[in-house]
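Take a look at the letters that make up each chain.
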Number of protein chains: 2
Amino acid sequence: MTDRRPRNQKVTLQDVADAAGVSKATASLALRENPRISEPTRMRVLEAVESLGYVYNQRAASLRTRRSYTIGLILKDVSNPFNAELTSGAESQLAGEGYSLLLGTTDDDMDKQARMIKTMLEGDVDGVILSTVTGTALDALRKWSQYCPMILLTQYYSALAVDCVGMDDVNGTERAVEHLIQQGHRRIAFVGGYNSTLTRQRRLQSYRDILRRHKFECDPALDITSPVTRRGGYDAIHQLLSMTSPPSAAYCYSDVIAFGVMLGLRAAGREAGQDFAVIGFDDVPEATLWHPSLTTVSADPRGLGENAAQLMLRRIAEPDLPVKRIIMPSRLIVRDSTAAPVSERLN
Amino acid sequence: MTDRRPRNQKVTLQDVADAAGVSKATASLALRENPRISEPTRMRVLEAVESLGYVYNQRAASLRTRRSYTIGLILKDVSNPFNAELTSGAESQLAGEGYSLLLGTTDDDMDKQARMIKTMLEGDVDGVILSTVTGTALDALRKWSQYCPMILLTQYYSALAVDCVGMDDVNGTERAVEHLIQQGHRRIAFVGGYNSTLTRQRRLQSYRDILRRHKFECDPALDITSPVTRRGGYDAIHQLLSMTSPPSAAYCYSDVIAFGVMLGLRAAGREAGQDFAVIGFDDVPEATLWHPSLTTVSADPRGLGENAAQLMLRRIAEPDLPVKRIIMPSRLIVRDSTAAPVSERLN
DNA sequence: GGGACCTGCTGAATCGATTTACCTGTTATC
DNA sequence: GATAACAGGTAAATCGATTCAGCAGGTCCC
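Definitions and cut-offs
Residues numbered from 1 in each chain as written. Chains lettered and ligands numbered in written order. Predicted model: local features only at pLDDT ≥ 70, side-chain atom pairs only at ≥ 80, totals over all residues. Heavy atoms only, no water. Phe/Tyr/Trp six-rings, centres within 6.5 Å; stacked < 30°, edge-to-face > 60°. Helix = DSSP H or I, 4+ residues; strand = E, 2+ residues; numbered from the N terminus. Lys NZ or Arg CZ within 6 Å of the ring centre and 35° of its normal. Near = heavy atom within 4 Å. Polar contact = N/O pair within 3.5 Å; in protein donor to acceptor, adjacent residues only side chain to side chain. Contact = heavy atoms within 4.5 Å. Buried area = accessible area lost by both parts, 1.4 Å probe. Salt bridge = Lys/Arg side-chain N within 4 Å of Asp/Glu carboxyl O. Buried < 20%, exposed > 50% of the residue type's maximum accessible area, 1.4 Å probe, protein only. Axes fitted to C-alpha atoms, helices over the stretch in contact; angles between N-to-C directions. Parallel < 35°, antiparallel > 145°, perpendicular 65-115°, else oblique. Nonpolar A, V, L, I, M, F, W, Y, C, P; charged D, E, K, R; others polar. Pairing = 2+ DSSP bridges.

Caption draft 1: Representation of the packing of aromatic side chains in the model. Within the structure shown, the criterion is met by 9 aromatic pairs over all chains. Ring geometry for Tyr69(A) and Tyr99(A): centres 5.0 Å apart, planes at 55 degrees, overall tilted. Placement of the pair is Tyr69(A) in the loop between helix H4 (58–65) and strand S1 (70–75) and Tyr99(A) in the loop between helix H5 (81–95) and strand S2 (100–105), with a sequence separation of 30 residues. Clustering of aromatic rings is evident, with ring pairs tying together Phe259(A), Trp290(A), Phe259(B) and Trp290(B). Looking at Arg203(B), its charged tip hangs above the ring of Tyr253(B), at a distance of 4.9 Å from the centre.

Next up, the structure:
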């Protein structure tokens, strides 16, 4: 079948055309199923493609068409299940329209983000879906968004005319914290993440609003920031438990944090759902597997990815449409990691 | 600074040259710091770049240079920490040499793998680092490896002249199973993964060899395959515990499986390290966080990624070098999830 | 003062596709 | 039978860079 030719000497469309006894133009049109090319001719071209082992050169084509059919997706990291789901959602949505995904990670590092965007722009992507690293300047975003269509994930800036898709942090937080309050908890910690993200700012604000609405004390010492890793949650709960007046419940920035908190509780001889209440955010598949299973705010990461992709395709198709912001709904899923505080039950 | 121009009208090198009052050739040479271009001229070019907001077009350049400086990395999924580390290792190694990584995932699906490789080849990557999906045919690999340099991850085929980097499954398995045997375990399950992967085949073979060497029974019912997820491990241990003569220890295909097993044990009212022994494979960061912490075989995923990248760069630089296979050493890290079986301790 | 050599730059070909405008026979139409 | 319409193809320009082979002008040296 495919004849082995020297590595550097690739088969080009011209070779295919020669082998099929047609012009390069005809070969091109035949492959793109242009109706002007007759069926017999198209078959000859396809046979030539097969026998020569021709590989289409997307780079060359995109030079001429000025479309690369690649979308960049830049995330802080992909190793957490939320982002993995999001990626998968975006990818399948784009693949359906003939686009492919170029994935980049920044490790929440500003320099890496800048390099990543530069690489993507130079690689000539048709658009970038971006979850900004903490502390990204508005000016930088404004500049980047001039070079190619851009969709912002979870972050959104009212001062910036850029499409974005986020989730309903306020509502999700309300449901979670209200649930804890109804169980009788009074000292509720807010655990994990960094305040430089807008997402955390919104959730924190909302958490405080609810406590105040109920006229509960809002102790700043119960607000613990940390990396969004199990280790982050683990260390945070240790810190909280060593307080003179520790909390009886933790509302966590993400499921991953919540898992860390549960591990930390156990290391301290405590157990979530028995003598401490834990709520996560994201509802990753692992949440049901834990013992106790994790009460969490479900946020449909896959839907987030799908929506971002759709928004991007829309923007590419019609660059002049007004800015669109999508907020995905979230809901509380009550499982076993939450229970009334011990003091409450003794009464 | 950058003037806003119509989206579709990008700034080209010609524009830069015009603005700097030099030829396109000079502009190109200036940007690549060619010594034939004088410093003053180079400065003028750089200023033009800055003021016009020129973005280098890597696709156009690679058409001429026949080098894209992009390497494809195709994995089954990135959401597990092992692959995330591997990716990060490969990426930083490549970035150091001016290459960037194009990441693709296959979800262990044959069709997706084929599509992914096609996309990558069409996107004109300089090489592909591939962790094959289960059941990939040798012929397919042979064909793909003709189109561009290829490095195989963890899988290796003696019948295929392709570079690869794997880990020392045999040695790692020996250490793990010997450790369990020394603790007094006799019925040891081998849990998780699918036998269609060469990796599992090697580990299973090695596990059996050791049991036989010790003249222990090698019950095929203790060999449980499953998806490489927590859920996989969770379900497997349930199945094992319901046997009439259940095992007292599990050697797991990966840490992720082991976590699932520990969750399953707890759901069944048992506890790893107390009335059951669990060993994982990979030593992901999470392993130390669990309670009990996980005994596991450490396999340096980052090193794996780095080595794969280096091998790729070597192959690109010198295509005619003989095939090279790297086996990364592995070692057993004993933590708290392993302990002597209950029966043993009662004696 | 004439060749050798250097410095700093440019013109034009090139990479591999797409696409427009045009060409050449056939067939249909009146 | 002249002409329009059409079917099936092709030549050549084009996308945005790189790079080779000069070229003009100056310096050096015997």
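Caption draft 2: Seen up close, the protein's contact with DNA strand D. Neighbouring residues of DNA strand D: 28 residues in total, closest Thr26(A), Thr41(A), Arg66(A), Leu13(B) and Ser28(B). Near the protein, meaning within 4 Å, the atoms of DNA strand D are sugar or phosphate in a fraction of 60%, with bases accounting for the rest. Between DNA strand D and Arg36(A) there is a distance of 3.0 Å, counted from a base oxygen to a side-chain nitrogen or oxygen. The separation between a phosphate oxygen of DNA strand D and a polar side-chain atom of Arg32(B) is 3.1 Å. Counting residues per element, the ones that place at least two in the surface near DNA strand D are helix H2 (24–31) and H4 of chain A together with helix H2 (24–31) and helix H4 (58–65) of chain B. Ranked by residues supplied to the surface near DNA strand D, first place goes to H4(B) with 5 residues.

Caption draft 3: Local environment of the interface of chain A and chain B. In this complex, chain A contributes 49 residues to the contact, which on the side of chain B involves 48 residues. Overall, the association of chain A and chain B removes approximately 4700 Å² of surface from exposure, summing both partners, and the carbon and sulfur fraction of that is 54%. For the pair chain A and chain B, the interface holds 6 salt bridges. Between Lys10(A) and Asp124(B) there is a salt bridge; the shortest N-O distance is 3.0 Å. Linking chain A with chain B are 12 residue pairs in polar contact (both at pLDDT 80 or more). Going through the elements one at a time, H4, H5, S2, helix H6 (110–122), helix H7 (138–147), helix H10 (230–241) and helix H11 (255–267) of chain A are the ones with two or more residues in the side of chain A that touches chain B.

Caption draft 4: Examining the environment of Asp139(B) more closely. Residues and elements named next belong to chain B. Mapping aspartate 139 onto the fold places it in helix H7 (residues 138–147). The class of aspartate 139 is exposed, set by a relative accessible area of 56%. C-alpha of aspartate 139 to C-alpha of leucine 160: the two residues are 21 residues apart in sequence and 9.3 Å apart in space.

Caption draft 5: Representation of the side chain of Ser62(B) in the model. Counting through the fold element by element, Ser62(B) comes out in helix H4. For Ser62(B), a relative accessible area of 1% gives the class buried.

Caption draft 6: Looking closely at the environment of Arg44(A). All names here are of chain A. Tracing the backbone shows arginine 44 in helix H3 (residues 39–52). For arginine 44, a relative accessible area of 39% corresponds to the partly exposed category. Spatially, the C-alpha atoms of arginine 44 and aspartate 255 are 57 Å apart, while their sequence positions differ by 211 residues. If sequence neighbours within four positions are ignored, arginine 44 has contacts with Ala20, Gly21 and Val22. Among the polar contacts listed, one links the side chain of arginine 44 to the backbone oxygen of alanine 20, at a separation of 3.2 Å.

Caption draft 7: The packing of H2(B) against helix H3 (residues 39–52) of chain B, seen in detail. Residue and element names in this part refer to chain B. Where H2 contacts H3, the two axes come as close as 9 Å, and the packing angle between them is 90 degrees. The orientation of H2 with respect to H3, classified from their angle, is roughly perpendicular. Residues Thr26, Ala27, Ala30 and Leu31 of H2 lie in contact with H3, whose contacting residues are Thr41, Arg42, Val45, Leu46 and Val49. Its residues placed into classes, the contact of H2 with H3 shows 6 nonpolar, 2 polar and 1 charged.

Caption draft 8: Region of the structure containing the sheet that holds strand S9 (residues 277–282) of chain B. Judged by pairing direction, the sheet is mixed, and its 6 strands sit side by side in the order S7-S6-S8-S9-S10-S12 (chain B) without closing on themselves. Whereas interior strands pair on both sides, the edge strands pair on one side only; in this sheet they are strand S7 (223–224) and strand S12 (331–333) of chain B.

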